[in-house]
Amino acid sequence: LKLTGERVSALLGDVSGWAVASDRIHKSFTHENFVQAMAFVNRVAEVAEAEGHHPDFCVHYSRVDFTIWTHAVGGLTENDFILAAKIDGLRDGG
């Protein structure tokens, strides 16, 4: 179910550092080097595959930019925020 602006704002408060742009959420993570950035991407890939929900990402040497939204609804769903929280947990060592 596609979320409304009010619900998006509420859920955004539950995920630190994520920002809304149009119908998507974005966040960048900085690592010490390329190898650490890629290790992080690989951890995210495992979670994303298990969830059946795959974020877009771009690696810029030590920075990884993520974009999340649900293609099927053309916007944001609660699952997008759940995945964002799981990505944050991986960064925190989870």
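Each remark here, short or long, concerns the structure printed above.
Residues numbered from 1 in each chain as written. Predicted model: local features only at pLDDT ≥ 70, side-chain atom pairs only at ≥ 80, totals over all residues. Heavy atoms only, no water.

S.K.: What should I look at first to understand the sheet that holds strand β1 (residues 19-21) in this one?
M.R.: Sheet strands line up and pair through hydrogen bonds in the backbone, either parallel or antiparallel. Taken in spatial order, the 4 strands line up as β1-β2-β4-β3 in an open sheet, and their pairing is antiparallel. Both outer strands of the open sheet, β1 and β3 (56-60), are each paired with one neighbouring strand and no more. Neighbour-to-neighbour, the strand axes of this sheet turn through a mean angle of 25°, independent of strand direction. In this sheet, strand β4 (residues 63-68) lies alongside β3 in antiparallel orientation, the contact comprising 5 bridges. Looking at β4, one finds that Cys58 is bridged to Asp65. (Pairing = 2+ DSSP bridges. Helix = DSSP H or I, 4+ residues; strand = E, 2+ residues; numbered from the N terminus. Axes fitted to C-alpha atoms, helices over the stretch in contact; angles between N-to-C directions.)

S.K.: Which parts of the structure should I look at to understand unusual backbone geometry?
M.R.: For Ser22, which is not a glycine, the phi torsion comes out positive at approximately 60°. Relative to the elements of secondary structure, Ser22 occurs in the loop between β1 and β2 (24-30). If you check the backbone angles, Tyr61 has positive phi at about 55° while not being a glycine. Examined against the element boundaries, Tyr61 turns out to sit in the loop between β3 and β4.

S.K.: Just checking my understanding: could you explain the side chain of Asp80 for this structure?
M.R.: On the secondary structure map, Asp80 appears in helix α3 (residues 78-91). This buried residue, Asp80, is left without a salt bridge; Arg24 holds the nearest opposite charge, at 9.6 Å. Engagement of the side chain of Asp80 in a polar contact is seen with the backbone nitrogen of Thr77, the distance being 2.6 Å. Ignoring any residue separated from it by four or fewer positions in sequence, one finds Asp80 in contact with Ile25, His53, Ile68, Trp69, Thr70 and Gly75. (Buried < 20%, exposed > 50% of the residue type's maximum accessible area, 1.4 Å probe, protein only. Lys, Arg positive; Asp, Glu negative; His and termini not counted. Salt bridge = Lys/Arg side-chain N within 4 Å of Asp/Glu carboxyl O. Polar contact = N/O pair within 3.5 Å; in protein donor to acceptor, adjacent residues only side chain to side chain. Contact = heavy atoms within 4.5 Å.)

Remember, this is a structural readout, not a statement about activity or role.
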